[in-house]
Amino acid sequence: MKSKNNAIISAENVSKSFKIYFDKGYTLKDKLLFWRRNRHEKREVLNDISLKIRKGESIGLIGRNGCGKSTMLKMLTRIYYPNSGKITVNGRVSSLIELGAGFHPDMTGRENIYINASIYGLSKKEIDKRLQKIIDFSELKDFIDNPIRTYSSGMYMRLAFAVAINVNADILLIDEILAVGDANFQTKCFNKLRELKKQGITIVIVSHSMELISEFCDRCIWIEKGKIMGDGPTKKISNKYLEYMSKERNFASLNEQDRISIISEKNRRKM
Amino acid sequence: MNHSIREILDYRQMIVGLVHRDLRGRYRGSILGFLWTFVNPLLQLLVYTLIFGLLFNQGIPKFYLYVFVGLIPWLFFSACLTGGCSSVLDQQGLVTKMYFPREVLPISYVTSQFFNMLYCFVIVIAVYIFASFTAFTDNFQWVIPSPNFYLPLTSLPLLFIIQFFMCLGMTLFTSAITVYVRDVKHILSIISMLWMFATPLMWKLEGDRFAKWEWLFMYVNPMGGLIDGYHCILYGGTWPNFTYLLASTGWAILAMVVGSLVFSKAKKRFAEEM
């Protein structure tokens, strides 16, 4: 029971489905005249997911494309809300789903730090306190007072990452965005993430890079077709996942005859 | 309810940032830059004064002042009516990628328009003080106004507050609906035009018509009482009609209640609908 109290993120029986419109009418005319266009199918993305994440854990969310991991992350961020079930998050969340939100090209790097950080919910005082740290981390030095339309894309991303990582969140949600800057800056980002992990920040990473996940996460959650297929130590789950994926790959490369025989073999075994 | 208000307060820096970004970014790259804030309403004033002053003049003395003191608050209102509805939709990138209390977007839009109006009020007050030294006659004549003439100015903040919340409630409502039905924007620009002529901005409710239509233009039209208030204070130099203002306050409260209810109901699916 004690672990329940420690849960910093908990999801109970969460399901999420989207309406997939075949040809969505956004306007009133479309809605009235072409009501048939509003036909949609319900696509279930997540189905009855329950999980608990304790403070200080680093979690890797894995699964194939379209399995629902990004949707899960967006629900933890509170961009999407579940259709049923409940998600509780205790603490400040910084989501690195998109970097540089709210950046205005005509404003200086410094001004954009204020705007971007404020979208993470920081007050002016809190930003003032972190400003130097952010500028140092971004390595922009003298460029910080230039409008960011003059920045290279690497500089832009460095600034954005520097803000996101210095928000001092309790929970970091990261979606496949760590390809920032050159090799040195990437190393710096990873070191910073490691440091945050040591400080007891809870980190949830969505990635296809098993290398990153196995290096960084203690626990892995594997989502397949909207359900949790595996949850446990990274090594165990990632091996299972890779095995599953390679089996499927082999299966796909077989010719039709072989596929049929494998399926009937399976069915026979089930019976 | 309480919780969401506290959360919006936590995000006040975001509101400040967005307002700042909007006010500074709006005229970037144009030659006159920030001056457009003043030039734009002045040009509109010129158009309306010429057309209504020369063609359809009701014989309102100091017509330029009459139009001007009503036009500036009206432009705030109509900007919220026609532009506020896309305040959420326009920030698609933010809404689908970040969490923040969604109310921040309409609040910053209305606040930025509000500040725009306040800047213009610097000119309104200047023109008003100049005009107060001229008499309400056909011939131009200098007069010395009594100091009491300026006393009603102290009631201006009350009008600002009522109008701010009326605009905010309306924008909360329209911006939430627009995410789901995109035509609201086009409907609203027509409504805004109609509403403008249904408000005593360039004409005055007088004589028989006053008794007959007072209920419609002063009580039913939420902007009627407010514009009348601005006219009283900045044109006539009298206190506003507080009964009208009470009606406007009622409208503002209604707008806020309906607006925040609809918005909080609609906001959960914003990201999916975009």
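See the structure printed just above.
Residues numbered from 1 in each chain as written. Chains lettered and ligands numbered in written order. Predicted model: local features only at pLDDT ≥ 70, side-chain atom pairs only at ≥ 80, totals over all residues. Heavy atoms only, no water.

Would you mind going over the overall build of chain B in detail, with residue names and values included?
Within chain B, the secondary structure is distributed over 12 helices and 0 strands. If you list the helices and strands of chain B from N to C, you get α-α-α-α-α-α-α-α-α-α-α-α. In terms of its C-alpha atoms, chain B occupies a principal-axis envelope of roughly 65 × 45 × 35 Å. Scored against the burial criterion, the 274 residues of chain B give a buried share of 53%. Within the structure as shown, chain B displays about 12800 Å² of accessible surface, and the carbon and sulfur contribution to it stands at 71%. Within chain B, one finds 18 positive and 13 negative side-chain charges whose respective centroids are separated by 8 Å. (Helix = DSSP H or I, 4+ residues; strand = E, 2+ residues; numbered from the N terminus. Buried < 20%, exposed > 50% of the residue type's maximum accessible area, 1.4 Å probe, protein only. Areas by Shrake-Rupley, 256 points an atom, 1.4 Å probe, with all protein chains shown as cover. Lys, Arg positive; Asp, Glu negative; His and termini not counted. Charge placed at Lys NZ, Arg CZ, Asp CG, Glu CD.)

Please give an account of the interface of chain B and chain A that cites residues and values.
Listed by partner, the interface residues are 31 residues for chain B and 35 residues for chain A. Between chain B and chain A, the buried area comes to about 2800 Å², and carbon and sulfur atoms account for 58% of it. Ranking the residues of chain B by area buried against chain A places Gln13(B), Met98(B) and Tyr99(B) at the top, with a combined share of 22%. At the boundary of chain B and chain A, one finds 2 salt bridges. The closest approach of N and O atoms between Lys16(A) and Glu272(B), which form a salt bridge, is 2.6 Å. Put simply, the parts of the chain that give the side of chain B that touches chain A at least two residues each are α1 (2-10), α2 (12-25), α5 (92-97) and α12 (270-273) of chain B. Top contributing element to the side of chain B that touches chain A by residue count: α2(B), with 8 residues. (Contact = heavy atoms within 4.5 Å. Buried area = accessible area lost by both parts, 1.4 Å probe. Salt bridge = Lys/Arg side-chain N within 4 Å of Asp/Glu carboxyl O.)

Explain a nonpolar patch on the surface residue by residue, including any values.
Together, Leu43(B), Leu46(B), Val47(B), Leu50(B), Ile51(B), Leu54(B), Leu55(B) and Phe56(B) line one region of the surface with nonpolar side chains, adding up to about 830 Å² of accessible area. For Leu46(B), the location among the structural elements is in helix α3 (residues 36-55). (Patch = residues over 30% accessible without salt bridge, like charges linked within 9 Å, V, L, I, M, F, W, Y side chains within 5 Å.)

An account of the sheet that holds strand β5 (residues 93-96) of chain A is requested, with residue identities and associated values reported.
Residue and element names in this part refer to chain A. If you walk across this open sheet you meet the 6 strands as β5-β6-β7-β3-β8-β9, and the pairing is mixed. What marks the edges here is a single partner per strand, and that holds for β5 and β9 (227-233). Across the sheet, the mean angle separating the axes of adjacent strands is 15° when strand polarity is ignored. Relative to strand β6 (residues 171-175), β5 runs parallel, the two being bridged by 4 bridges. (Pairing = 2+ DSSP bridges. Axes fitted to C-alpha atoms, helices over the stretch in contact; angles between N-to-C directions.)

How would you summarise helix α4 (residues 63-83) of chain B if you had to cite specific residues and measurements?
All names here are of chain B. Look at α4: 29 Å from first C-alpha to last across 21 residues, which is about the 30 Å you get at 1.5 Å a residue. If you look at α4, its biggest bend is around 30°, right at Leu 71, and the proline Pro 73 turns up within four residues after that. Summarising burial for α4: 18 of the 21 residues are buried, a large majority. (Expected span 1.5 Å × (residues − 1). Bend = angle between axes of the 7 residues up to and from the residue.)

It is worth stressing that arrangement in space is one thing and function is another; only the former is reported here.
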